[in-house]
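So the chains spell out like this:
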Amino acid sequence: MVRDFSDPVRSAPGGIRAERQSAVLVTRRGWRAQDWLERRMRDAMLAQGPLPADGGPRQPVYAAFPWSAYIDTLERPDVLEAPLLRNALRTLALLVPQGVAAVTVCQHPQLPAHLPRLAAAGITDLFWTGDPATAGPLPSGLRLHSFPALPAPDAPPVTGEGPGAAFAFCPTENGGNTPRLWGAVAAGLIPVLPLALPALPGPAALWQAGAVLYAAGTDPAGHLEAIAAAPERLEAMRTALAGLWLIHGGGGPVHDILLCLLERGRDMPLPPAPSAAGSLLWPLIRRFRDQPRLTPAEAQLVLQQASIDLLCGNEDVLALSPGAESAAAWRLVAQARAALPPTSPDSARLDVILGNMRDRNRLPLGAPARGRAASAPMRVFLLGPRGQRTPLSYAPIWPHLGGRIAFAETPEAADLIVTGWSRDLEDHAGALAGLCGPKAAGKAGGPQLAVLSEEPLWDSLWSGAERDGVAGNRVAGNSLAARDRVLESGTLRLRYRHLNHVNSGIFAFRHLPWFVLSADSFPARYAALIAGFAAMRPRDLLRHWAAAPLQAAFLAERRAGGEYHAAFPAEGVAGLCLYRSRVAELTPGARVLRMGQGWPGSGPRRQDLPDWHLDKLARLHGRLRVCGAYENTLHRDYITEKPFDAFAAGAIPAVLADAGHRLFELILPEAMLNTVMAPPDLAAARIAALTPDLILAEAWLETAKGLLSRFRDLPRIREERQRIADACIHELRGLLADPPAAAAPP
């Protein structure tokens, strides 16, 4: 339901008013046909913009307002719309909560002269199709961003020029951001710009990879001929440009707006720490706190309310971390157990709930104080290249650390040395010996060592005892669940704590899995791209799949070694890389795409591309029926970008998910091709033979709409990142309070 914020004076039919839909502020009337880009962004943000309406008063908003029409009325104040638009702008200014970021788009060429008016209305981030370098000084608190100057819907297509008619010479006006430039990109032509470093919307690395940029006064003819004579180079440039068009032209273009909203959302004050007010157990704690014994009826009530709190998420007073509230809660639970016989159904029910939560790493840990450090911050040094592959190393997590961690510039200044892979400990064994002692790490006063692994593949390959032996190392114990380990390298023995998907709750997500929250680009791209397919009807989707040029695509490194098939049944972990490669290899037919290191003709490593993720989406978007979405490793909580890429490309994900896998919480079983019980040859045959039916299409669309809601839900994204930060800090504080015990020689 849309809440009406209309000005009471202008609420009559035909008036211009402002309304708030979710986190989008909408002025419904006053839009002109010639301002089509502003209108397009209004409609796109309503379909793809942030949710929900109860995101809180501090949630950033998008302001959909007919700015170009308003600016023109300032030149002609006598036109009929002038007073109505002025009134609508006043209403809009009232709707923007004070101190909250407000983002908008304007295409008027004379915008810079009116920037103070927009700033006074509460706008903080303004996307403009002009050149920001020409705007002059900006009002305080206003940021000006470049926005694609897309060609009008009725503009004629750009035709090719130069060798092979593969290029389009583009003007330098407006900093190079012109409709001709974007028309060339849409037509698959290579733009030629006499600008060395143009300030264009989108990643600069993609423009450098996809366009011909040359210094003014030089002749690019020879360069163009060389490109036209190299088909592989020409194709790589077109793919880079296709990625730019996908997120800046064909996809909305809401991508940059969503990125801005996500970024601004990090600046919002943190939500208040959880309170016991929502707990059903808390009133009983206060009621029975001076009562030495409970009656059986009272004891049953206590255990029942404790069970309900755990099941409903109101577990704050039952947190396992130290605190007066949690201590009182567990003391009352123990008192209730003592008042009942050991076979009490209420005690058994609570034990089952606690057992299930323990098995799933979901026992409540308690939330540390937010917005301030409860004590002096822990000094953390991120070690080696894999130290940049832990949750602590990603910028979206930093605002959620709340001053509880300070990153040290040197290991000598750190309380904790953290990396994402035990191999980094081996690579720096000599330096660690001097810091952590000649015989064992963790001597008094020295830093503690931790491996915070986000990648189960690394754990399965190199963190088991037998597998570390391949690298000349041994780890005490041979289970992925082992937390306290000893790494031997020569005569050095390093004690460290290993945290991963199996033995911690860090990656046990509630809303979205960790990896797609490690960068704002993931939710922004998924919201922009999934929306287009989610709006289709089931039969239209079936026709789309029937016309797709590819039956299947597999974009992943080819791995053939037996070590990629390692299994740890007790921990619910199994390697899938070998299985995935065999399925890709055995899938028959000419309409199958295989790309990635190890496959013929794949070119450079995908990680060496300017944007490997966007390259994948550009190659697959709307072109295939089945998308290989097999993970590196099977674990119930391990879900990366792969299944979501399938939906962003409009394809059916091929996955392997066993019973209890949490992928089923995100994707309906009928919306995927799950080959869990099939060997590689049978899985390949199923992929090749798949012909979608109406049931699959309906389930796929229902899933797509659910995923779209998750990726549009900025408050939930923020809460999940906060949970990850809290869980990491809880584990690291536990390491400092209780370091790994000395281990016997292996």
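Structure shown above.
Definitions and cut-offs
Residues numbered from 1 in each chain as written. Predicted model: local features only at pLDDT ≥ 70, side-chain atom pairs only at ≥ 80, totals over all residues. Heavy atoms only, no water. Core = buried A, V, L, I, M, F, W, Y, C linked by side-chain atoms within 4.5 Å. Buried < 20%, exposed > 50% of the residue type's maximum accessible area, 1.4 Å probe, protein only. Helix = DSSP H or I, 4+ residues; strand = E, 2+ residues; numbered from the N terminus. Contact = heavy atoms within 4.5 Å. Phe/Tyr/Trp six-rings, centres within 6.5 Å; stacked < 30°, edge-to-face > 60°. Pairing = 2+ DSSP bridges. Axes fitted to C-alpha atoms, helices over the stretch in contact; angles between N-to-C directions. Parallel < 35°, antiparallel > 145°, perpendicular 65-115°, else oblique. Left-handed = near helix turned anticlockwise from the far one by under 90°. Salt bridge = Lys/Arg side-chain N within 4 Å of Asp/Glu carboxyl O. Nonpolar A, V, L, I, M, F, W, Y, C, P; charged D, E, K, R; others polar.

Student: Would you mind showing me how to read the nonpolar core here?
Tutor: Inside soluble globular proteins, nonpolar side chains tend to come together where they are buried. In this structure, Ile-257 and Trp-700 are the most contacted members of the largest nonpolar core, which totals 109 residues. Here the element with the most residues in this core is helix α18 (residues 521-534); it accounts for 10 residues. With residues near it in sequence (within four places) discarded, Trp-700 still touches Phe-533, Leu-541, Trp-545, Phe-647, Gly-650, Ala-651, Ile-652, Pro-653 and Ala-671. By size, the runner-up hydrophobic cluster in this structure holds 26 residues, among which are Leu-25, Ile-71, Leu-111 and Leu-126.

Student: Explain the side chain of Asp-615 here, please?
Tutor: Mapped onto the fold, Asp-615 is located in helix α21 (residues 612-620). Beyond its immediate chain neighbours, meaning those up to four positions away, Asp-615 contacts Thr-239, Arg-606 and Leu-609.

Student: Explain the packing of aromatic side chains to me, please; I cannot follow it from the model alone.
Tutor: What describes a pair of aromatic rings is the distance from one ring centre to the other and the angle between the planes of the rings. Tallied over the full model, the rule gives 16 aromatic pairs. Both rings, one in Phe-127 and one in Phe-147, keep their centres 6.0 Å apart while their planes meet at 75°; by these two values the pair is edge-to-face. With Phe-127 in strand β6 (residues 125-128) and Phe-147 in the loop between β7 (143-146) and β8 (167-169), this pair connects stretches of sequence that are 20 residues apart. Phe-147 gets classed as buried once you look at its relative accessible area, which sits at 1%. On the basis of an interplanar angle of 75° and a centroid distance of 5.6 Å, the ring pair of Tyr-579 and Tyr-630 is categorised as edge-to-face. Of this pair, Tyr-579 sits in helix α20 (residues 577-586) while Tyr-630 is found in the loop between β22 (624-628) and β23 (633-634), placing the two residues 51 residues apart along the sequence.

Student: Whenever I open this one, the sheet that holds strand β9 (residues 190-193) confuses me. Can you help?
Tutor: Hydrogen bonding along the main chain pairs the strands of a sheet, whether they run parallel or antiparallel. If you walk across this open sheet you meet the 3 strands as β8-β9-β10, and the pairing is parallel. Of all the strands in the sheet, the pair left with one neighbour each is β8 and β10 (212-213). Sheet analysis places β9 next to β10, joined by 2 bridges and oriented parallel. Paired with Val-192 across the strands is Val-212, a residue of β10.

Student: For this particular structure, what's the right way to read the pairing of strand β14 (residues 448-452)?
Tutor: Two faces belong to every sheet, and in a regular strand the side chains alternate between them. Extensive coverage of β14 is indicated by the burial of 5 of its 5 residues. Covered by surrounding structure in β14 are Gln-448, Ala-450 and Leu-452 together with Leu-449 and Val-451, the residues of both alternating faces. Relative to β14, strand β13 (residues 416-419) runs parallel, the two being bridged by 4 bridges. Along β14, the bridge assignment pairs Val-418 with Ala-450.

Student: Would you mind showing me how to read the packing of α20 against helix α23 (residues 680-689) here?
Tutor: Two packed helices can be described by the angle between their axes and the distance between those axes. Remark: α20 packs on α23, axes separated minimally by 8 Å, with the N-to-C direction vectors making an angle of 50°. Classified by the angle between their axes, α20 and α23 sit oblique to one another. Of the two possible hands of crossing, α20 and α23 adopt the one that is right-handed. Every residue of α23 that contacts α20 at Tyr-579, Arg-582, Val-583 and Leu-586 is listed here: Pro-680, Asp-681, Ala-683, Ala-684 and Ile-687.

Student: Explanation requested: the pattern of salt bridges in the structure shown.
Tutor: If the charged atoms of two oppositely charged side chains come close together, the side chains can form a pair. All chains considered together, the criterion is met by 33 salt bridges. Between Arg-404 and Asp-726 there is a salt bridge, and its shortest N-O distance comes to 2.9 Å. Taken together, the residues span a long stretch of sequence, with Arg-404 in the loop between β11 (378-382) and β12 (405-407) and Asp-726 in helix α25 (residues 714-737) at a distance of 322 residues. Accessibility expressed as a relative area gives 1% for Arg-404, which makes it buried.

Student: How should the packing of helix α9 (residues 255-266) against α18 be read in this particular structure?
Tutor: Following both chains from N to C, one finds α9 and α18 inclined at 140°, their axes separated by 9 Å at the closest point. Classified by the interaxial angle, the pair formed by α9 and α18 is oblique. For α9 against α18, the interelement crossing comes out right-handed. Across the interface between the two elements, His-255, Leu-258, Leu-259 and Leu-262 of α9 pack against Ser-521, Pro-523, Ala-524, Arg-525, Ala-527 and Ala-528 of α18. The class makeup of the residues in the contact of α9 with α18 is 7 nonpolar, 2 polar and 1 charged.

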